Amino acid sequence: MKILLISDTHLDRIPEELLEILSGYDMILHAGDLVSTEVLRDLGSLGETHAVAGNSDHHDLKRALPERLKLDIEGLRVGIIHRPSHSPDSPGIAMMAREMDVDLLLFGHFHKPIFQRDGSRMMLCPGSPTRPRLSPPSVAELLVEGGRASLRIVPVGRPMCGYLQFAETLSLSGSQTPPERVDKRENNSV
């Protein structure tokens, strides 16, 4: 089974180009911040879709979607939540996976790919395909076969974050070093 893992789309509608990239999956799991019911409908047109509410979702979505969801996919226990903790570096994510008693916890909110392991439990944030933070736009792919899972991050475009765009211009221009820093303070020796 080939499953699309996505989060933080933050759109009113999914553009046709992105819908083409997201097609061809047996199932879609969205970890919140779809923002509009149209995005849920767009994803649903691609196939079986499960989603949770995020902090930026329209109030209609917050009423319609659960805050947490737990699924059994061919023997793999998958939990979905938008914000599992206040920090991607905190033990809160692993605690949430244990609390939900899942093999894989899919989460969002941080807008960049994050993978953690706690024993046999896996925790994954797929990033954001539309508003990434310090990473290229991305989703993730989950392959489940015979209760075994494999994950991979799938880039879906070029960097959009200002810092990464700047870094890309440096690499495209062939420069290996950032521009010189100009110190505007006067040199006042005592």
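This one's a predicted model, so the numbers in the text were calculated from it and none came from an experiment.

K.L.:
I keep staring at the sheet that holds strand β10 (residues 148-155) and nothing clicks. Help me out?
P.N.:
Picture the strands of a sheet paired through backbone hydrogen bonds; they go either parallel or antiparallel. In spatial order, the strands read β3-β2-β1-β9-β10; together these five strands make up an open sheet with mixed pairing. At either end of the open sheet lies a strand with only one pairing partner, and these are β3 (48-51) and β10. Pairwise comparison of adjacent strand axes, ignoring direction, gives a mean angle of 20° for this sheet. Looking at chain direction, strand β1 (residues 2-6) and strand β2 (residues 27-30) are connected through four bridges and run parallel. The residue bridging I6 from the neighbouring strand is H30, located in β2. Across the sheet, helix α2 (residues 37-44) lies against β2 and β3, angled at about 145° from β3, the strand it touches most.

K.L.:
Whenever I open this one, helix α4 (residues 92-100) confuses me. Can you help?
P.N.:
Every buried residue of α4 is listed here: G92, I93, A94, M96, A97 and M100. Where α4 is buried, its residues touch β4 (68-73), β5 (76-81), β6 (104-107), β7 (113-118) and β8 (121-126). Once α4 finishes, D101 follows within two positions and takes phi at roughly 55°, a positive value.

K.L.:
How should the nonpolar core be read in this particular structure?
P.N.:
One recurring pattern in soluble globular proteins is that nonpolar side chains are buried together. By size, the foremost hydrophobic cluster in this structure holds 19 residues, and its most contacted members are L4, I14, L22, L34, L43 and V139. Every element with two or more residues in this core is listed here: β1, α1 (16-22) and α2. Residue contributions to this core peak at three residues, all from α1. The next biggest cluster of nonpolar side chains, apart from the first, holds 18 residues, and it includes I3, V52, I80 and A140.

K.L.:
Looking at this structure, how should I read the sheet that holds β6?
P.N.:
A sheet is described by the order of its strands in space; here five strands give the open sequence β4-β5-β6-β8-β7, paired in mixed fashion. Two strands in the sheet have a free side with no partner beyond their single neighbour: β4 and β7. Neighbouring strand axes in the sheet, compared pairwise and without regard to direction, differ in orientation by 15° on average. Examined bridge by bridge, β6 and β8 share three bridges and lie parallel to one another. The residue of β8 that forms the bridge with L105 is M123.

K.L.:
Explain the pairing of β3 to me, please; I cannot follow it from the model alone.
P.N.:
Residues in a regular strand point their side chains to alternate faces of the sheet. With four bridges joining them, β2 and β3 adopt parallel strand pairing. The partner of I28 across the bridge, within β3, is T49. Crossover handedness for the path β2 to α2 to β3: right-handed.

Calculation notes
Counting restarts for each chain: residues are numbered from 1 in the order of the written sequence. Residue-level local features of this predicted model are given only where pLDDT is at least 70; pairs of side-chain atoms are given and counted only at 80 or more, and the full residue set underlies all totals for whole chains, interfaces and linings. Side-chain numbers come from the whole structure's heavy atoms, not from hydrogens or water. At least two bridges found by DSSP between two strands is the condition for calling them paired. Counting from the N terminus, the helices are the DSSP runs of H or I reaching at least four residues and the strands are the DSSP runs of E reaching at least two. Each axis is a line fitted through C-alpha atoms, taken for helices only over the stretch in contact, and angles between the N-to-C directions span 0 to 180 degrees. Contact criterion: two residues are considered in contact whenever any of their non-hydrogen atoms come within 4.5 Å of each other. Type-normalised accessible area, obtained with a 1.4 Å probe on protein chains alone, sets the label of each residue: buried when under 20%, exposed when over 50%, and partly exposed for intermediate values. Each nonpolar core is a collection of buried residues, namely Ala, Val, Leu, Ile, Met, Phe, Trp, Tyr and Cys, held together in the definition by side-chain atoms within 4.5 Å. Place the viewer so that the strands point away; then a crossover is right-handed whenever the path from the first strand over the helix to the second strand goes clockwise.

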